[in-house]
Amino acid sequence: MAARPFVARSVAPELPIRLIALDIDGTLVDDDLVLGDRTVAAVHQAVHRGIRVSLVTGRMTFSAIRFAETLALTDPVIGYQGALIREMPWRVDRTGRLLRHRPLDPAVARRAVAWSRARGLDPHVNHLERLVVRADDPRVDDYSAFLGTRATRAPDLLEWIQRPVTKIVAFGPPGLPISILEEARAAFHGEADVTVAHPRYLEFIAPGVSKGQAVRWLARRAGVPLANVLAIGDQLNDLEMLTAVGHGTAMPSAPEAVSAVARYVAPPLAEEGAAQVIEWLALSGPRRAAAASRTMAEAASARRDAAAASVSPAASVSPAAAAPSRRSGS
């Protein structure tokens, strides 16, 4: 599979961690959509220590807010791969104040719908906090449950798109979106950026929109150097984010194109790997954090070398190898 060209890491890592950017699906939650106790505790502790934490997701922001509320977050929520950024609302059933919105041109969006259908995908429209699907879509209840909001049915999606929309997401069988990713990028070059946020989803967003660009915006707004930012993700749509910051971390399930450019590889989601990385790098004392950073970087490098040699990649760094002592000081 041909992925995006290699994106060099932009900054060297520095400690302490001052901002954490977290993907949701495949990073914090599995298909059950439940945040683990260790994850909640680690993020709560980070927030309590004054570390800024934001969710950076392909979901609509309203769908992400319920996770942010459980994690006790107060910093902005980044949705739709960075196309939409909102403040955390004062109530979980509300949408926060709009901080940034970069929608897709309507003519390009209509063409993305037609192009996707011609290749066996079922496209939907995401605009602000709305999911719009074709009227006869049999999976509308599944989408609504996943996002935590009711989908809108439209008799004709092409007719519905008359103004700029936030995102087009095209649903298909696992493997199909990734197999036509490069074709889509060539077809929409300069008109839309195309990415894969899930094995079933091919997504079209406005040119220049990415999680990486959004995290840069977030760091500038907070006055935090990118070198002191920890970002964790698991899919191709996380690639730019992981290369933009000092402490880019891929989940072990990430495509090789993503883990190849990440500085670290976390333990698996089933072991709440993101929480462990937060504990090691953000919640430990300076010496323990620096040692964990070196150990994880070395493990990730060994994994890449093994992959390049066509050998089964080494396992991600183990807690025994890098976890700081819980008695470590500041």
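It should be noted that the structure appears before, not after, this text.
Just so it is clear, the structure is predicted and the values come from calculations on it, not from any experiment.

Draft legend 1. Quick look at the packing of helix α1 (residues 37-48) against helix α11 (residues 273-281). Running from N to C, α1 and α11 cross one another at 30°; their axes reach a closest spacing of 8 Å. Classified by the angle their axes make, α1 and α11 are roughly parallel. Crossing geometry of α1 relative to α11 is assigned as left-handed. Seen from α1, the contacting residues are Arg38, Thr39, Ala42 and Val43; seen from α11, they are Ala275, Gln276, Ile278 and Glu279. Looking at the contact of α1 with α11, its residues break down into 4 nonpolar, 2 polar and 2 charged.

Draft legend 2. Structural detail: the sheet that holds strand β3 (residues 77-79). The 3 strands lie next to each other as β3-β4-β5, forming an open sheet whose pairing is antiparallel. Each edge of the sheet is formed by a strand with only one pairing partner; in this case those strands are β3 and β5 (98-101). Along the sheet, successive strands turn relative to each other by an average axial angle of 15°, direction set aside. Across 3 bridges, the pairing between β3 and strand β4 (residues 84-86) is antiparallel. What sits directly across from glycine 79, in β4, is leucine 84. Helix α2 (residues 61-70) contacts β3 and β4 of the sheet and is inclined by roughly 140° relative to β3. Of the strands in this sheet, β3, β4 and β5 are in contact with helix α8 (residues 211-222), which crosses β5 at around 145°.

Draft legend 3. Region of the structure containing empty space enclosed by the protein. Counted by the stated rule, this structure contains 1 cavity of 30 Å³ or more. Taken as a whole, the largest cavity encloses approximately 60 Å³ of empty space. Here the residues of the lining of the largest cavity are counted per class, giving 2 nonpolar, 4 polar and 4 charged.

Draft legend 4. Just the pattern of salt bridges, in detail. With the rule as written, the count across this model stands at 14 salt bridges. Between aspartate 75 and arginine 52 there is a salt bridge; the shortest N-O distance is 2.7 Å. One end of the pair, aspartate 75, is in the loop between α2 and β3; the other, arginine 52, is in strand β2 (residues 52-55), and 23 residues separate them in sequence. Look at arginine 52 and you get partly exposed, because its relative accessible area is 35%. Taking the shortest distance from any N to any O, the salt bridge between aspartate 122 and arginine 134 comes out at 3.1 Å. In this pair, aspartate 122 sits in strand β6 (residues 122-127) while arginine 134 sits in strand β7 (residues 130-134), placing the two residues 12 residues apart along the sequence. On the basis of relative accessibility, which here comes to 24%, the residue arginine 134 falls in the partly exposed class. Salt bridges linked by common partners bring Asp23, Lys211 and Asp238 together as one network.

Calculation notes
- Residues numbered from 1 in each chain as written.
- Predicted model: local features only at pLDDT ≥ 70, side-chain atom pairs only at ≥ 80, totals over all residues.
- Heavy atoms only, no water.
- Axes fitted to C-alpha atoms, helices over the stretch in contact; angles between N-to-C directions.
- Helix = DSSP H or I, 4+ residues; strand = E, 2+ residues; numbered from the N terminus.
- Parallel < 35°, antiparallel > 145°, perpendicular 65-115°, else oblique.
- Left-handed = near helix turned anticlockwise from the far one by under 90°.
- Contact = heavy atoms within 4.5 Å.
- Nonpolar A, V, L, I, M, F, W, Y, C, P; charged D, E, K, R; others polar.
- Pairing = 2+ DSSP bridges.
- 1 Å grid on protein atoms, 1.4 Å probe; cavity = no way out; pocket = protein on both sides within 12 Å on 5 of 7 lines; lining within 4 Å.
- Points joined across faces, edges and corners; volume = space filled by probe spheres on them.
- Salt bridge = Lys/Arg side-chain N within 4 Å of Asp/Glu carboxyl O.
- Buried < 20%, exposed > 50% of the residue type's maximum accessible area, 1.4 Å probe, protein only.

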